[in-house]
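# Close look at the chain arrangement
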Amino acid sequence: MPNDSSAIETHGITRDFDSRKGFLFREVTHTEALKGIDLTVERGAIFGLLGPNGAGKTTLTKILSTLLLPTQGQAFVLGHDVVRDADWLRPRMGLVLGGERGLYTRISARENLRYFADLYGIPRTDRERRIDEVLARVDLEEAADRRVEEYSRGMKQKLHLARGILHRPQILFLDEPTIGLDPKSARETRKLVRSLVADGVTIFLTTHYMFEAEELCPKLAVLSKGRIVAQDTVANLRHLVGGDRTLDVEAYGFDDRELDSLRHLPGVSRFLTEEFGPVSRVTLRMRTDELRVDQVHAALPNHPELMVRERRTSMEDVYLDLVEEEAR
Amino acid sequence: MATATVQYSRARSTYAALRLSVLQFLADPQWLVPSMIAPVVFALVSFELFRGAGPYFLTYAILGAGMMSMWGQTLYGSGWATGMDREFGTLEPTIQAPTPYLYVVVGRVLWNVISGLIGGGIVYVVIVIVAGGPPAVPNPVGFALLFVFVMVTLASVGVIFAAFYVYTRYAGFIQNIGEFAFYIGTGCMFPVVLLPFVTNPVSLAFPPTWGLDALRYLSIPGYQGFGWGFWGDLAGAVATTVVYLSVAGLVFQRVERHVLEEGNLSEY
């Protein structure tokens with residue numbers, strides 16, 4: 001049974017797909033898109049799901065929003081089983097898949113919203129006011145009566161959002177809501193997402209953008225190749241990949257002895273090497289403040305070109321570390 | 001923004017789908033061709049072909065031509081609209097809405113019936129003008145009522161056909177292959193009794209077959225259709241239509257379950 005305080009709870013969700021090619025000689029390709037997803041999302045919060053293309057983010061979103069059945073496992077949204085109680089859940093959840101598709105382009109934004117307002121049973125007396133309200137919220141009031149085919153990508157994305165919140169859902173699934181948006185529109189979208197949470201809506205957000213996840217999501221999960229490789233607060237995830245502080249050390253190549261000395265510097269909890277043409281970069285992750293930049297210079301006396309940069313461990317670092325670790 | 005739980009209404013959802021169909025029709029004038037212009041062209045060609053064949057045969061020919069066009073509009077229009085939902089990517093949000101998709105399809109079918117009737121009305125007016133008077137129909141009121149009912153029989157099949165468009169993106173391809181077989185098999189082009197006897201059971205599984213035969217009994221004196229006559233045809237049309245409409249809910253439930261298992265709602 002699901003926990004009452006959870007907005008989402010999944011137990012061992014798997015999802016397989018068979019794709020078929022060819023007409024006479026059918027070639028079937030079997031894909032395991034999700035491999036046992038266990039996830040818990042608290043009510044009234046933003047939960048971020050990070051993952052590379054093909055990780056299974058959209059598949060999981062569709063299962064949670066009742067558009068896809070899991071192959072195995074159970075998922076509960078607002079305490080209800082997404083398979084058995086889909087009829088109960090659908091009026092209470094919003095889904096924004098975004099993109100160029102998913103809208104009736106030959107009619108206006110207002111007419112699109114009227115249609116979905118009717119399908120969701122929004123009271124007739126309230127319908128027009130509610131449509132005006134969401135159009136204002138996504139800043140589409142002036143373009144409301146224009147055909148959607150005349151809209152830019154960003155305007156369509158806003159209309160997707162407007163449709164998603166029109167019926168005042170208790171939980172909103174946003175699948176990469178800012179993809180393809182210009183920075184200003186993306187910032188407005190994030191602002192809108194925050195305001196929805198302030199209104200008590202639980203948000204389940206998938207994104208590619210690390211800064212977006214960091215900015216919006218107190219808790220997040222990293223999905224890679226159909227598995228959750230980590231699920232925690234941003235701070236704890238940083239800790240998981242070695243700490244809050246990162247030092248990038250760059251030079252024209254390091255020998256094994258030098259690499260070994262960097263690895264054993266005090267406080268280093270994680271050590272990564274990368275090559276960029278002639279330049280080698282060593283990334284040192286630290287949980288404590290004990291290692292200083294001048295100690296790194298002292299450890300590498302034969303590199304006058306040495307560059308050491310200290311920064312806060314970014315979500316991108318966390319994400320790449322986790323995904324790469326899973327790939328290995 | 002306080003969250004709210006809303007309760008959909010089937011009638012309102014059906015009306016919303018009908019309204020959306022009207023808006024899309026008005027937004028795209030190309031639909032005038034299959035729904036309004038094509039029936040007139042078919043009817044005029046029939047009129048020229050059978051001009052000297054006597055008043056009732058003329059009715060017969062016009063009826064066949066007109067019905068063929070309206071059959072296409074009513075039956076395929078609904079399925080096609082669902083196919084467009086797939087292509088536009090609107091099938092997913094529509095299925096995700098609380099209203100069962102069946103009621104959206106019913107709304108679309110209703111619009112197609114209405115536009116089919118408008119097309120039929122235009123055919124009638126054009127023929128009256130060209131022929132210099134209305135075609136001979138022994139019982140015009142009965143004919144008009146039965147005509148509307150035949151549209152309902154078409155709509156009942158249209159609802160089931162639309163389910164195939166939800167089921168698979170290949171529905172349009174299959175329908176294109178079967179289109180003319182259906183025209184012939186249900187007696188749109190000529191009476192089903194002219195077909196080999198072994199094909200009759202298949203034809204009789206479709207409500208329009210019964211309805212069209214009844215329509216010919218009513219409008220063409222001396223017409224020799226199925227042996228059970230007008231009332232037998234009418235009873236068969238009512239019974240098969242009721243069966244189609246009754247199973248529609250179950251068919252859509254099964255189809256929806258299938259597409260959620262397959263995960264092919266966004267494929268087109």
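Overview of the structure. Here the structure is a predicted model, which is why all the values come from computation and not from measurement. (Residues numbered from 1 in each chain as written. Chains lettered and ligands numbered in written order. Predicted model: local features only at pLDDT ≥ 70, side-chain atom pairs only at ≥ 80, totals over all residues. Heavy atoms only, no water.)

A few words now on the sheet that holds strand 1 (residues 6-21) of chain A. Residues and elements named next belong to chain A. Taken together, the four strands give an open sheet; going across it, the order is 2-1-4-5, and neighbouring strands pair in antiparallel fashion. Among the strands making up the open sheet, the edge pair consists of strand 2 (27-42) and strand 5 (80-81). Here 13 bridges tie strand 1 to strand 2, and the two strands are oriented antiparallel to one another. The residue bridging S6 from the neighbouring strand is E42, located in strand 2. (Pairing = 2+ DSSP bridges. Helix = DSSP H or I, 4+ residues; strand = E, 2+ residues; numbered from the N terminus.)

Residue and element names in this part refer to chain A. In terms of burial, strand 7 (residues 171-175) is largely enclosed, as five of its five residues are buried. Where burial is concerned, the two faces of strand 7 agree: the one with I171, F173 and D175 and the one with L172 and L174 are both buried. Pairing geometry for strand 6 (residues 93-96) and strand 7, over four bridges, is parallel. Paired with M93 across the two strands is I171, which belongs to strand 7. This β-α-β element, strand 7 to helix 6 (residues 183-198) to strand 8 (residues 202-207), shows right-handed connectivity. (Buried < 20%, exposed > 50% of the residue type's maximum accessible area, 1.4 Å probe, protein only. Right-handed = clockwise from strand over helix to strand, strands pointing away.)

The subject of this paragraph is the sheet that holds strand 14 (residues 307-312) of chain A. Residue and element names in this part refer to chain A. Spatially, four strands are ordered 12-13-11-14 in an open sheet, and the strand pairing comes out antiparallel. Edge strands, defined here as strands with exactly one partner in the open sheet, are strand 12 (268-276) and strand 14. Mean inter-strand twist for the sheet, computed between neighbouring axes without regard to direction, equals 20°. Alignment of strand 12 against strand 13 (residues 279-286), held across eight bridges, turns out to be antiparallel. Among the inter-strand pairings, F276 is bridged to a residue of strand 13, identified as V279. With respect to the sheet, helix 9 (residues 256-263) is in contact with strand 12 and strand 13, its orientation differing from that of strand 12 by roughly 145°. (Axes fitted to C-alpha atoms, helices over the stretch in contact; angles between N-to-C directions. Contact = heavy atoms within 4.5 Å.)

All names here are of chain A. The buried fraction of strand 9 (residues 219-224) is high, at five of six residues. Two elements, strand 3 (residues 46-50) and strand 9, share four bridges in a ladder whose sense is parallel. Residue pairing across strands places F47 opposite K219, the latter belonging to strand 9. Counting the residues in the hairpin turn of strand 9 and strand 10 (residues 227-233) gives two residues, including K225, whose phi is positive at 50°.

Within helix 1 (residues 57-64) of chain A, seven of the eight residues are buried, which leaves it mostly tucked inside the rest of the structure. Looking at the residues trailing helix 1 of chain A, positive phi occurs at T66(A), about 70°.

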